Amino acid sequence: MATDNGFNSETEAGYAPVKWKLLGIGSALYKSRYFITGHPNVTVVSDHKPIVNLLLDRNSIINNKRLTNLRRKCDGFIFNTGYGKGIDNITDAISQIID
């Protein structure tokens, strides 16, 4: 599943990388919810290790309200989380192409 690398608002454009990558994962999960809901083998792969840690331990307390809200967008989905180098992730490489 590829994350949505679409247009961001001015506020979203100023997010730290961990926030906009988490926003992309939450957006991709929501947009594909009809396909992944109830599927036992959904895996989210990220090239950003802090995202993996945030999504693996969903009971941890985050002192950042925006990060907490972004992680809650992923709470309604059941999925595994993994780390993959950006260069090895084809969907990430395709999303980085600039026209």
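In this text, all values refer to a predicted model and were calculated from it rather than measured experimentally.

**What to know about the confidence of the model for the protein chain**
Low pLDDT means the predicted atomic positions in that stretch should not be read closely.
(1) Moving on: Model confidence for the protein chain is summarised by a mean pLDDT of 79, while 80% of its residues fall at 70 or above.
(2) Moving on: No element of the protein chain has a lower mean pLDDT than helix α6 (residues 90–95), at 64, and none a higher one than helix α3 (residues 33–36), at 92.

**A few points about the environment of Gly-82**
(1) Moving on: Within the secondary structure, Gly-82 is located in strand β2 (residues 80–83).
(2) Moving on: Measuring from C-alpha to C-alpha, the distance between Gly-82 and Asn-53 comes to 9.3 Å, with 29 residues separating the pair along the chain.
(3) Moving on: Apart from residues lying up to four places away in sequence, Gly-82 is in contact with Val-44, Val-45, Ser-46 and Val-52.

**Description of the side chain of Lys-21**
(1) Moving on: For Lys-21, the location among the structural elements is in helix α2 (residues 17–31).
(2) Moving on: Of note is the side chain of Lys-21, whose polar atom sits 2.8 Å from the side chain of Asp-47.

**A look at the pairing of strand β1 (residues 43–46)**
(1) Moving on: Alternating positions in β1 separate cleanly, Val-44 and Ser-46 being buried on one face and Thr-43 and Val-45 remaining unburied on the opposite face.
(2) Moving on: Pairing between β1 and β2: 4 bridges, direction parallel. Across the sheet, residue Val-44 finds its bridge partner in β2, namely Thr-81.

**Quick look at the environment of Phe-79**
(1) Moving on: Positionally, Phe-79 belongs in the loop between α5 (65–72) and β2.
(2) Moving on: Here Phe-79 falls in the buried class, since its relative accessible area comes to 10%.
(3) Moving on: Separated by 38 residues in the primary sequence, Phe-79 and Asn-41 place their C-alpha atoms 7.0 Å from one another.
(4) Moving on: Phe-79 has contacts with Leu-29, Val-42, Val-44, Leu-55, Arg-58 and Cys-74, leaving out every residue within four places of it along the chain.

So, how was this worked out
- Sequence order as written defines residue numbering, which begins from 1 separately in each chain.
- Only residues with pLDDT of at least 70 are given local features in this predicted model, and only at 80 or more are side-chain atom pairs given and counted; all residues enter the totals for whole chains, interfaces and linings.
- With hydrogens and water set aside, each side-chain value is computed from the structure's full complement of heavy atoms.
- pLDDT expresses, on a scale from 0 to 100, how confident the predictor is about each individual residue.
- Runs of H or I in DSSP of at least four residues are treated as helices and runs of E of at least two as strands, each being numbered from the N terminus.
- By definition in these notes, contact holds between two residues if any of their heavy atoms fall within 4.5 Å.
- Under this definition, polar contacts are N or O atom pairs within 3.5 Å; protein pairs additionally need one hydrogen-donor-capable and one acceptor-capable atom, and for neighbouring residues in sequence, both atoms have to be side-chain atoms.
- Think of it in three bands: residues with accessible area under 20% of the maximum for their type are buried, residues over 50% are exposed, and the middle band is partly exposed, with areas taken using a 1.4 Å probe on protein chains only.
- For two strands to count as paired, DSSP must find a minimum of two bridges between them.

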